[in-house]
Amino acid sequence: MTQLTIVVPAYNEAAVLERFHRRLAAVLDRLPLACTVLYVDDGSTDASWAVIATLAAHDARVGAIRLSRNFGKEAALTAGLDQVREGAAVVIDADLQDPPELIPELVARWQAGDDVVYATRRARAGESWFKRFTAAAFYRLMERLAETPMPRDTGDFRLLSRRALDALAQLRERQRFMKGLFAWIGYRQSAVYYDRAPREAGRSQWNYWRLLHLAVEGITSFSTAPLRLATWAGLAAALLAFVYGLWVLTKALLYGDPVRGYPTLMLVILFLGGMQLFALGVIGEYLGRNYAESKRRPLYFIEESRPPR
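All values reported here derive from a predicted model rather than from experimental measurement. (Residues numbered from 1 in each chain as written. Predicted model: local features only at pLDDT ≥ 70, side-chain atom pairs only at ≥ 80, totals over all residues. Heavy atoms only, no water.)

Peer 1: So what's going on with the overall build of the protein chain? Residues and values would help.
Peer 2: Scanning the protein chain for helices and strands turns up ten helices and eight strands. Taken over 309 residues, the protein chain has a buried fraction of 46%. Partitioning the contacts of the protein chain with sequence separation of at least 6, the portion at a separation of at least 24 is 84%. When the accessible surface of the protein chain is summed, it comes to about 16,300 Å², and 61% of that surface belongs to carbon and sulfur atoms. (Helix = DSSP H or I, 4+ residues; strand = E, 2+ residues; numbered from the N terminus. Buried < 20%, exposed > 50% of the residue type's maximum accessible area, 1.4 Å probe, protein only. Contact = heavy atoms within 4.5 Å. Areas by Shrake-Rupley, 256 points an atom, 1.4 Å probe, with all protein chains shown as cover.)

Peer 1: Explain the nonpolar core to me, and be specific about the residues and the numbers.
Peer 2: If you look at the biggest cluster of nonpolar residues, it comprises 37 residues, and the most contacted ones within it are Leu4, Ile6, Tyr39, Ile103 and Phe157. The dominant element in this core, judged by the number of residues it contributes, is helix α1 (residues 14–30), at six residues. With sequence-adjacent residues up to four places away left out, Tyr39 is seen in contact with Val8, Leu17, Phe20, His21, Leu24, Ile52, Leu55, Val62, Gly63, Ala64 and Ile65. Judged by nonpolar contacts, the second largest core, of 27 residues, contains Leu160, Ala164, Leu171 and Ile185. (Core = buried A, V, L, I, M, F, W, Y, C linked by side-chain atoms within 4.5 Å.)

Peer 1: Can you explain the side chain of Asp42? Please cite residues and give values.
Peer 2: Within the fold, Asp42 resides in the loop between β2 (35–41) and α2 (48–58). For Asp42, a relative accessible area of 3% corresponds to the buried category. There is a polar contact of 2.7 Å between the side chain of Asp42 and the side chain of Asn70. When residues no more than four places from it in sequence are discounted, the contact partners of Asp42 are Ala10, Tyr11, Leu67, Arg69, Asn70, Phe71, Gly72, Lys73 and Ala76. (Polar contact = N/O pair within 3.5 Å; in protein donor to acceptor, adjacent residues only side chain to side chain.)

Peer 1: Go over helix α4 (residues 103–111), please, and point to the residues and values.
Peer 2: Structurally, the α-helix is built with 3.6 residues per turn, so residues lying three or four positions apart point the same way. Within α4, the full set of buried residues consists of Ile103, Leu106 and Val107. For α4, the angular spread of the buried residues around the axis is 100°, confining them to a single face. Gly113 lies just past α4 and shows a positive phi near 120°. (Arc of directions from axis to C-beta.)

Peer 1: Lay out the pattern of salt bridges in plain terms, naming residues and giving numbers.
Peer 2: A complete count under the given rule lists eleven salt bridges for this structure. Among the ionic pairs, Asp93 bridges to Lys73, the shortest N-O distance being 2.9 Å. One end of the pair, Asp93, is in the loop between β4 (88–91) and α4; the other, Lys73, is in helix α3 (residues 73–82), and 20 residues separate them in sequence. Each member of the pair, Asp93 as well as Lys73, carries the same accessibility label: buried. A salt bridge links Glu304 to Arg306; the nearest nitrogen and oxygen atoms lie 3.2 Å apart. Under the relative-accessibility criterion, Arg306 is labelled partly exposed at 32%. (Salt bridge = Lys/Arg side-chain N within 4 Å of Asp/Glu carboxyl O.)

Spatial relationships are all this shows, so hold off on functional conclusions.
Laid out in structure tokens, this is it:
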């Protein structure tokens, strides 16, 4: 009976998969648990699936699923966790920035009674100051905006107990922000701290555009603060315009001052027009989410599956 499944989403990670599996296998060999490893190939265009097939041929603990196309990491994570039928699961990336050697500590916390044990980064080596700054800013922004508390500086690397997995399986929204869903299910959660290492090989698929998209996804999934911000900004703009209009009218009536012309008019029009477009954009983001959810499309399709032997 499997007691622990390691779920590893991978997209174009052929350069690092063998190295990752060697370190992971060494950790699992020391664990007093029945363990399996499930690789999820998220429609890779390199040799990732061939490497995974080779790993499965040489290690009976390895299973794999290949998605029909690249659905994105959140869907790949969901696909992997959906396959875990018994026991707990650990989610970890294959790039070796998150150390497999931390898994025994996650397991110890789980065995002590925690349902979700997440790995929080103390430091982020091998990343530019701008990426570290934007990542820190995002987590702190989410901490303030999200209606569900989310741990700072914490990615997807974590352990989930059986009841946490069962709870997560009930959340089938199409536009998924897994870090928020992990926190939303609640139960007993704790943190393990580590220093994140540089990527050992290959290249990250997360450019700034994709990270920005993920940030918008997270904010709109777990907070209505942008809608409130648009409302308050509109009220503030209307109040300022009203006060300024009274001031102009009073000056004209009392002192006969002429009303300022073209520059003032253009400034007011551009300001109010910008506020309106901002509010429409925020509303559009939430409306688009409702549109995507209303179609009820499946989260992913599996092209090929190889269970552990």
